[in-house]
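Spelled out from the first residue to the last, the chains are:
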Amino acid sequence: MKLTTQTDYALRTLMYLATRETRANVAGVASLFNISVNHVAKVVNLLAREGYVRSIRGVGGGIELAVRPEDVTIGQVIQTIENDTHLLPCVGTDQSCAIHSFCKLSGVLANAERIQMDYLNSVTLADVVPARRQLDQIDTK
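Residues numbered from 1 in each chain as written. Predicted model: local features only at pLDDT ≥ 70, side-chain atom pairs only at ≥ 80, totals over all residues. Heavy atoms only, no water.

**Some thoughts on the packing of aromatic side chains**
Evaluated as defined, the whole model comprises zero aromatic pairs. The ring of tyrosine 16 has arginine 20 sitting right over it, with the charged end atom 4.3 Å from the ring centre. (Phe/Tyr/Trp six-rings, centres within 6.5 Å; stacked < 30°, edge-to-face > 60°. Lys NZ or Arg CZ within 6 Å of the ring centre and 35° of its normal.)

**Details of helix α4 (residues 74-81)**
If you check which residues of α4 are buried, you get Ile74, Gly75, Val77, Ile78 and Ile81. Looking down the long axis of α4, one finds its buried residues gathered within 160° of arc, a one-sided arrangement. (Buried < 20%, exposed > 50% of the residue type's maximum accessible area, 1.4 Å probe, protein only. Helix = DSSP H or I, 4+ residues; strand = E, 2+ residues; numbered from the N terminus. Arc of directions from axis to C-beta.)

**Some points on a nonpolar patch on the surface**
Side chains of Leu87, Leu88, Leu105 and Val108 sit close together on the surface and give an oily, nonpolar patch of about 330 Å² of accessible area. Tracing the chain through its elements places leucine 88 in the loop between α4 and α5 (89-92). For leucine 88, a relative accessible area of 38% translates into the label partly exposed. (Patch = residues over 30% accessible without salt bridge, like charges linked within 9 Å, V, L, I, M, F, W, Y side chains within 5 Å. Areas by Shrake-Rupley, 256 points an atom, 1.4 Å probe, with all protein chains shown as cover. Salt bridge = Lys/Arg side-chain N within 4 Å of Asp/Glu carboxyl O.)

**Regarding the pattern of salt bridges**
Inspection of every chain in the model, using the stated rule, returns six salt bridges. Salt-bridge contacts for arginine 54 lead to glutamate 64; the nearest nitrogen and oxygen are separated by 2.8 Å. With arginine 54 in strand β1 (residues 53-56) and glutamate 64 in strand β2 (residues 62-65), this residue pair connects regions lying 10 residues apart in the sequence. Under the relative-accessibility criterion, arginine 54 is labelled partly exposed at 39%. For the salt bridge of arginine 68 with aspartate 71, the shortest nitrogen-to-oxygen distance reads 2.8 Å. Take arginine 68: its relative accessible area is 49%, and that puts it in the partly exposed class. If you follow the salt bridges from partner to partner, you end up with Arg23, Arg54 and Glu64 in one network.

**Description of the nonpolar core**
Among the nonpolar cores identified, the biggest contains 30 residues, and Leu14, Leu47, Val53 and Ile63 are the most heavily contacted of them. Of all the secondary structure elements, the ones that give two or more residues to this core are α1 (5-18), α2 (26-33), α3 (37-49), β2, α4 and α6 (105-120). The element that contributes the greatest number of residues to this core is α1, accounting for six residues. Dropping the residues within four chain positions of it, leucine 14 is found in contact with Leu47, Tyr52, Val53, Leu65, Val77 and Leu125. (Core = buried A, V, L, I, M, F, W, Y, C linked by side-chain atoms within 4.5 Å. Contact = heavy atoms within 4.5 Å.)

Okay, structure coming up:
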């Protein structure tokens, strides 16, 4: 499985927010990771729609986690954002090639995907969050 840039940014944003005790802002996330504010804003909108992030407008507003880091798995986030996590199209459909009815490769790949997702679903956001001081050191450089 190869993750899209959108998933990469979503995971980074969640990790960043998990280190904050107060609300953050899109510009802060974008600045730390040296990525476009527009891309982060799109990811934050998606994360907010899916219930991972709370976005507060106005004075004192910003963005914050809407869930506890230990309650969210990396697999959940990936499955929320990625449209297709299959290694090959034949794993996701019966109609992809002429030998699908007797091909053993699709079963092997389906098992590999299951093992990978089982592992990603066993790792929580809390497991991968860096220490706040580590991010702050980057932030000030």
